[in-house]
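# Geometric and topological summary
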Amino acid sequence: QVQLVESGGGLVQAGGSLRLSCAASGRTLSRYDMGWFRQAPGKEREFVATSRWSGSNTYYVDSVKGRFIISRDNAKNTVYLQMNSLKPEDTAVYYCVGGVAGSYADWGQGTQVTVSS
């Protein structure tokens, strides 16, 4: 499996912004889809956003549409999640995921995002 390492989490007040990064190991990756999930306290893990390997297709859960932007830099084997207008309900551990053909078999260990009122 590919190693995925998230960074950029932290504490921010409501209305603020954070950018998460996820770096994948390996010099080259072929058609590797990447995305983000999150798990809030006492809640099930949920899908947040995904980007196909080419970066041409992106998808978001309704609750983050218009606020979050997923992007990727394949030359750096890195995917980003720009989070704007953060709300307390965005508080969660955010996980980077990746895989071939939408499998998302690879998971990072997560980075904590806490949004205070």
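The following paragraphs examine the structure supplied in this document. (Residues numbered from 1 in each chain as written. Predicted model: local features only at pLDDT ≥ 70, side-chain atom pairs only at ≥ 80, totals over all residues. Heavy atoms only, no water.)

What follows is about the sheet that holds strand S8 (residues 78–83). Strand order in the open sheet formed by four strands is S1-S3-S8-S7, with antiparallel pairing between adjacent strands. In the strand order of this sheet, the two ends are held by strand S1 (4–7) and strand S7 (68–73), each with one partner. Pairs of neighbouring strands in the sheet enclose a mean axial angle of 15°, with direction left out of account. The pairing of strand S3 (residues 18–24) with S8 spans six bridges and is classified as antiparallel. When the bridges of S8 are listed, arginine 19 appears paired with glutamine 82. (Pairing = 2+ DSSP bridges. Helix = DSSP H or I, 4+ residues; strand = E, 2+ residues; numbered from the N terminus. Axes fitted to C-alpha atoms, helices over the stretch in contact; angles between N-to-C directions.)

Right, let's get into the state of the cysteines. The tally for this structure, following the rule as stated, stands at one disulfide. The disulfide that involves cysteine 22 links it to cysteine 96, with 2.0 Å between the sulfurs. An S-S torsion of about -85° defines the bridge between cysteine 22 and cysteine 96 as left-handed. Placement of cysteine 22 in strand S3 and of cysteine 96 in strand S9 (residues 92–100) is noted, with a sequence separation of 74 residues between them. Side by side, cysteine 22 and cysteine 96 carry an identical accessibility label, which is buried. (Disulfide = S-S within 2.5 Å. Buried < 20%, exposed > 50% of the residue type's maximum accessible area, 1.4 Å probe, protein only.)

The next thing to look at is the pairing of strand S5 (residues 46–51). By the bridge criterion, five bridges tie strand S4 (residues 32–39) to S5 in an arrangement that is antiparallel. Bridge assignment links tryptophan 36 to a residue of S5, and that residue is alanine 49. The turn linking S4 back onto S5 is made up of six residues, and glycine 42 within it adopts a positive phi angle of 75°. Where S5 lies against strand S6 (residues 58–60), three bridges are found, and the strand directions are antiparallel. Among the inter-strand pairings, threonine 50 is bridged to a residue of S6, identified as tyrosine 59. The hairpin formed by S5 and S6 contains six residues between the paired strands, and glycine 55 there has a positive phi angle of roughly 80°.

Here we take up the packing of aromatic side chains. We describe a pair of aromatic rings using the distance from one ring centre to the other and the angle between the two ring planes. Within this structure, the stated rule accounts for three aromatic pairs. An angle of 80° between the planes, with centres 5.8 Å apart, marks the rings of phenylalanine 37 and phenylalanine 47 as edge-to-face. Placement of the pair is phenylalanine 37 in strand S4 and phenylalanine 47 in strand S5, with a sequence separation of 10 residues. Residue class for phenylalanine 37 comes out buried when judged on its relative accessible area of 18%. (Phe/Tyr/Trp six-rings, centres within 6.5 Å; stacked < 30°, edge-to-face > 60°.)

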